[in-house]
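# Inside the fold
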Amino acid sequence: MNPTSPHSLPRRPRRLTWPRPVSPAVLVLSLIAVLLGLSPAPAQAASPQEVTGFGSNPGDLRMFQYLPGNLPSGAPLVVALHGCTQSASDYYGHSGWPKYADMYGFALVFPQTASSNNANSCFNWFQSSDYTRDRGEALSIKQMVDYAKSHYGSDPSRVYITGLSAGGAMTSVMLAGYPDVFAGGAIGSGIPAGCATDLSSALTCQYSGVNKTPQQWGDAVRSASGGWGGPWPRVAIWQGTADSTVNPANATEERDQWTNVWGISQTPSSTRSLTGGTTQAVYNDANGKPAVETFSVSGMAHGLAVNPGSGTDQCGSTGTYYLNYICSSYWTAKFWGLDTSGGDGTGDLPAPTGLTVTGTTDTAVSLSWSAVSGAASYTVYRGGTKAGSVTGTSYTDTGLKSGTRYSYTVAAVDSAGAVGSLSSAVSATTTGYQPRCFTDNNYNQVAAGRAHQSGGYVYANGSNQNMGLYNVAVIHTLEETSSGYYVIADSGCPS
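Residues numbered from 1 in each chain as written. Predicted model: local features only at pLDDT ≥ 70, side-chain atom pairs only at ≥ 80, totals over all residues. Heavy atoms only, no water.

## Observations regarding the overall build of the protein
Helix and strand content of the protein: 11 helices and 26 strands. Burial analysis of the protein (495 residues in total) assigns 53% to the buried set. (Helix = DSSP H or I, 4+ residues; strand = E, 2+ residues; numbered from the N terminus. Buried < 20%, exposed > 50% of the residue type's maximum accessible area, 1.4 Å probe, protein only.)

So, in structure tokens, the structure goes:
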């Protein structure tokens with residue numbers, strides 16, 4: 001989805017030989033996209049291989065594959081759907097999925113749409129002729145899965161689907177329409193299944209979000225499935241809190257939808273902090289196994305979370321709509337159990353205990369923690385981003401800003417490089433900072449970077465205090481108690 005008419009442009013009529021007419025609305029929206037610089041990201045040097053003749057292909061899609069060397073029969077299959085203005089090659093080159101296909105041994109299929117289907121090369125997730133089971137693009141994608149099963153020997157019980165933006169919204173409708181095909185899915189910056197049936201409703205879903213009860217959302221899936229009674233796919237939901245293209249409220253509605261389908265509570269069984277400012281919430285099924293997980297990435301705009309690097313939990317490359325926070329493909333693969341963990345979403349080593357701040361200066365913070373049996377090293381994270389690695393149980397983080405508040409966690413790493421669970425967080429403030437105060441309306445506070453908006457409300461950066469509606473009529477005073485950390489100080493603030 002792009003910020004103008006993202007993935008929501010209607011498909012133009014198909015004809016055999018004559019050029020397809022372009023409506024004035026499509027021309028205007030496409031022009032806006034060009035003016036805003038929403039052109040496709042450059043193609044990657046390495047590309048997956050195209051497959052032809054995979055079925056009747058009523059959705060006019062193209063199929064691309066990536067198969068690791070010596071892929072055994074009975075291996076899992078992952079279907080990955082690109083976003084608007086993107087391509088199969090683009091998603092292959094940036095998302096990090098090929099790394100884990102090689103590491104864990106599974107096949108990858110990348111469906112691709114084109115401007116002949118949608119002016120911005122978006123999957124038509126909002127169009128009933130394309131999202132309905134056994135019709136249009138939905139059937140084309142299902143035929144790719146059937147091809148993989150018959151030609152690669154993919155395990156029918158371990159087929160998964162993921163996607164970004166319009167691809168994430170298409171993932172939603174594929175999971176709803178084919179729960180008998182997919183064991184799991186991952187929706188990246190997407191829309192709940194059943195939210196839209198045309199262009200107008202698609203734009204409402206995207207920019208404002210639609211509030212329904214969990215039961216209503218769950219009924220939409222049950223209706224789309226054609227009477228399927230379970231088992232249901234296990235669903236991961238990824239969303240940036242600063243996404244202005246897809247309202248972050250959609251992630252909450254998606255959670256409500258899939259927890260209701262599973263018949264489980266909308267209250268998480270557990271939560272924890274991951275790298276890149278990411279909060280993971282886990283919703284267990286009746287057997288105590290994660291059925292739904294949400295990953296909220298603090299401060300991330302519209303895009304797929306990647307984290308370039310050579311570590312096991314690092315992947316991908318940055319680019320347009322590929323943002324450096326956390327490797328979403330790694331955590332999704334763990335959730336599905338592709339790493340042979342069984343899908344519990346955690347590493348084997350337990351979280352270190354006793355993380356303590358042992359000292360601060362104006363430019364450094366010193367930490368220590370208790371040893372973990374079996375750990376070969378430890379990774380220290382500052383604000384969710386890797387700060388350094390050590391083999392001992394202490395670390396000094398240097399080169400910091402004075403008078404600034406920092407948050408730290410630490411994880412044990414085994415001899416194979418697998419990262420275990422994160423510790424509880426501790427905070428430390430370097431010395432020498434003088435508090436500052438800012439009085440302004442909520443709109444300007446967000447524009448100045450002192451607060452952020454989500455679901456029509458504004459929250460102070462750092463403290464995350466609710467400041468009320470996102471408009472110019474609500475005025476607050478914010479005190480910056482440390483660099484980038486703001487609290488509401490309407491009752492008084494140091495001069």
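## Regarding the packing of aromatic side chains
Using the criterion set out here, one finds 15 aromatic pairs in the structure. Geometrically, the ring pair formed by W125 and F126 is edge-to-face, given 5.7 Å between the ring centres and 80 degrees between the ring planes. You can call W125 buried: its relative accessible area is 2%. Taken together, W97, F106, Y160 and W336 form an aromatic cluster joined through their ring pairs. (Phe/Tyr/Trp six-rings, centres within 6.5 Å; stacked < 30°, edge-to-face > 60°.)

## A few points about the pairing of strand 17 (residues 394-397)
Within a regular strand, the side chains alternate between the two sheet faces. Judged by which residues are buried, strand 17 turns out to be one-sided: Y395 and D397 face inward and are buried, whereas S394 and T396, on the alternate face, are not. Inspection of the sheet shows strand 14 (residues 365-368) paired to strand 17 by 4 bridges, in the antiparallel sense. Bridge assignment links V365 to a residue of strand 17, and that residue is D397. (Pairing = 2+ DSSP bridges.)

## Points about the sheet that holds strand 23 (residues 457-460)
One key point about sheets: their strands pair by backbone hydrogen bonds, in either a parallel or an antiparallel sense. Spatially, the 3 strands line up as an open sheet ordered 22-23-24, and their pairing is antiparallel. Of all the strands in the sheet, just strand 22 (451-454) and strand 24 (466-469) have a single pairing partner and so form its edges. Between one strand axis and the next, the sheet turns through 25 degrees on average, direction left out of account. Of the pairings in the sheet, the one linking strand 22 to strand 23 comprises 4 bridges and is antiparallel in character. Each residue of the ladder has a partner; that of H452, found in strand 23, is Y459. (Axes fitted to C-alpha atoms, helices over the stretch in contact; angles between N-to-C directions.)

## Describing the pattern of salt bridges
Tallied over the full model, the rule gives 11 salt bridges. In this structure, R62 engages E50 in a salt bridge whose closest nitrogen and oxygen atoms are separated by 2.7 Å. Here R62 is found in strand 2 (residues 62-66), whereas its partner E50 is found in strand 1 (residues 49-51), with 12 residues between them in sequence. With a shortest N-O distance of 3.0 Å, K142 and D146 are connected by a salt bridge. One end of the pair is K142 and the other is D146, both in helix 5 (residues 136-152) and 4 residues apart, which spans about a single turn. Its relative accessible area of 30% is what places D146 among the partly exposed residues. Residues joined by salt bridges that share partners form a network here, namely R133, D134 and D180. (Salt bridge = Lys/Arg side-chain N within 4 Å of Asp/Glu carboxyl O.)

## Digging into the side chain of N57
Note that N57 resides in the loop between strand 1 and strand 2. For N57, a relative accessible area of 16% corresponds to the buried category. There is a polar contact of 2.8 Å between the side chain of N57 and the backbone oxygen of L61. When near neighbours in sequence (up to four residues on either side) are disregarded, N57 contacts S140 and Q143. (Polar contact = N/O pair within 3.5 Å; in protein donor to acceptor, adjacent residues only side chain to side chain. Contact = heavy atoms within 4.5 Å.)

## Observations concerning the confidence of the model for the protein
Taken over all residues, the pLDDT of the protein has a mean of 87, while the share at 70 or more is 88%. When the criterion is pLDDT under 50, residues 2-45 qualifies, and its contacts beyond four places in sequence or with other chains add up to 96 contacts. (pLDDT = per-residue confidence, 0-100.)

## Quick notes on the state of the cysteines
Applying the stated criterion across every chain yields a total of 3 disulfides. A sulfur-sulfur distance of 2.0 Å marks the disulfide that ties C84 to C122. A torsion of 130 degrees about the S-S bond marks the disulfide between C84 and C122 as right-handed. Placement of the pair is C84 in the loop between strand 3 (77-81) and helix 2 (88-94) and C122 in the loop between strand 4 (107-112) and helix 4 (128-131), with a sequence separation of 38 residues. For C122, a relative accessible area of 0% puts it in the buried group. Here C195 engages in a disulfide with C205; their sulfurs sit 2.1 Å apart. The sign of the S-S torsion, about -110 degrees, decides the handedness of the disulfide formed by C195 and C205: left-handed. On the criterion of sequence distance, the pair formed by C195 in the loop between strand 6 (184-188) and helix 7 (199-207) and C205 in helix 7 is long-range, its members being 10 residues apart. The exposure class of C205 is buried, given its relative accessible area of 0%. (Disulfide = S-S within 2.5 Å.)

## Quick notes on the environment of S407
When you line up the elements, S407 lands in strand 18 (residues 405-413). The spacing of S407 and Y381 is 26 residues in sequence and 8.2 Å in space, taken between C-alpha atoms. Excluding anything up to four places from it in sequence, S407 contacts Y381, R382, G383, A425, V426 and S427.

## Some remarks on the pairing of strand 8 (residues 270-274)
Taken together, the 5 bridges between strand 8 and strand 9 (residues 278-284) define a ladder with antiparallel strand orientation. Directly across from S273, in strand 9, lies its bridge partner T279. Counting the residues between successive antiparallel strands, the hairpin from strand 8 to strand 9 contains 3 residues, one of them, G276, with a positive phi of roughly 65 degrees.

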